[in-house]
Amino acid sequence: MARRLRFTGTGRPHLDEGPRILDPDEFARLFEDFEHSAWHLEMRRRYAADEEGDDWAQFTAGQQPTWDLDTPWCRTISAKTRDGAYVGRVRILDNPPTTGQRFLLAYSEKNAELGEDVRNMWRADAERVNLPPEDFWIFDSQTVALCLFDADDQLTGAELITEPVRVNQYNLLRDIALHYATPYERFAEQLAGQEV
């Protein structure tokens, strides 16, 4: 494995011995520790964790989900956005969307209630502007967490990237995605118009 130079907060480079993999608990702490921004590119067709709650059961039964805004995640994100931090995401959808993607489009209402900026983009458009097929978060424009999933679409952890050149490449991808994506409400209206 090639070793890379990585820069610490002291400005002194040191050799990066390889990828640093965070387990799900370590990854979750990144959401408590960021200061200014957290942004997510969602490329997957399915997230197994979404299918574990009552809101999934309601959605797949054709009901309007009753979103629980008092979970640890919701309390953390809403506190961050109330304090002025930016939290956003661009979700990539297939055409036609999978059941998981349609659920996340509805779930955008919950994200917005927490103060998130949620946008959507068709997969063909994402490919046209060369977005990678990776699911990742960027924290404070200086730390990237590449999400890792198993064969059953369960999150198993994240690869942490802090090397400035690589982080800046992901920041550029974020800017491209935000430029071409559509706010979720308008996207949902467009999708509903197609289904008529």
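Structure first, text after, so check above.
Residues numbered from 1 in each chain as written. Predicted model: local features only at pLDDT ≥ 70, side-chain atom pairs only at ≥ 80, totals over all residues. Heavy atoms only, no water.

Some words on the environment of Trp 56
Point 1. Positionally, Trp 56 belongs in helix α2 (residues 54–60).
Point 2. Judged by its relative accessible area of 14%, Trp 56 is buried.
Point 3. Once the C-alpha coordinates of Trp 56 and Thr 66 are considered, the two residues, 10 residues apart in sequence, prove to be 9.9 Å apart. (Helix = DSSP H or I, 4+ residues; strand = E, 2+ residues; numbered from the N terminus. Buried < 20%, exposed > 50% of the residue type's maximum accessible area, 1.4 Å probe, protein only.)

Examining the nonpolar core
Point 1. Counting 20 residues, the largest nonpolar core has Leu 41, Val 90, Leu 131 and Phe 136 as its most contacted members.
Point 2. Contributions of two or more residues to this core are made by β4 (37–42), β5 (86–93), β7 (136–139), β8 (143–149) and α6 (164–180).
Point 3. With residues up to four places along the chain from it excluded, the contact list for Phe 136 reads Trp 39, His 40, Leu 41, Val 144, Ala 145, Leu 146, Cys 147, Tyr 170 and Leu 173.
Point 4. Core analysis: the next-biggest nonpolar cluster, separate from the first, contains 17 residues, Ala 85, Val 87, Phe 139 and Ala 145 among them. (Core = buried A, V, L, I, M, F, W, Y, C linked by side-chain atoms within 4.5 Å. Contact = heavy atoms within 4.5 Å.)

Remarks on the packing of aromatic side chains
Point 1. For the coordinates displayed, the defined rule picks out 16 aromatic pairs.
Point 2. Each ring, one from Tyr 47 and one from Phe 149, has its centre 5.7 Å from the other, and the planes form 65°; the classification is edge-to-face. Here Tyr 47 is found in the loop between β4 and α2, whereas its partner Phe 149 is found in strand β8, with 102 residues between them in sequence.
Point 3. Taking 5.7 Å as the distance between ring centres and 45° as the angle between the ring planes, the aromatic pair formed by Phe 103 and Tyr 107 counts as tilted. With Phe 103 and Tyr 107 both in helix α4 (residues 99–113) and 4 residues apart, the pair spans about one turn of that helix. Of the two residues, Phe 103 and Tyr 107, neither departs from the other in class, the shared state being buried.
Point 4. An aromatic cluster is present here, built from Phe 27, Phe 31, Phe 34, Trp 73, Trp 137 and Phe 139 joined pairwise through their rings.
Point 5. For Arg 44, the ring lying beneath its charged end belongs to Phe 149, and the centroid distance is 4.0 Å.
Point 6. Looking at Lys 80, its charged tip hangs above the ring of Phe 34, at a distance of 4.6 Å from the centre. (Phe/Tyr/Trp six-rings, centres within 6.5 Å; stacked < 30°, edge-to-face > 60°. Lys NZ or Arg CZ within 6 Å of the ring centre and 35° of its normal.)

Read these as spatial facts, not as claims about activity.
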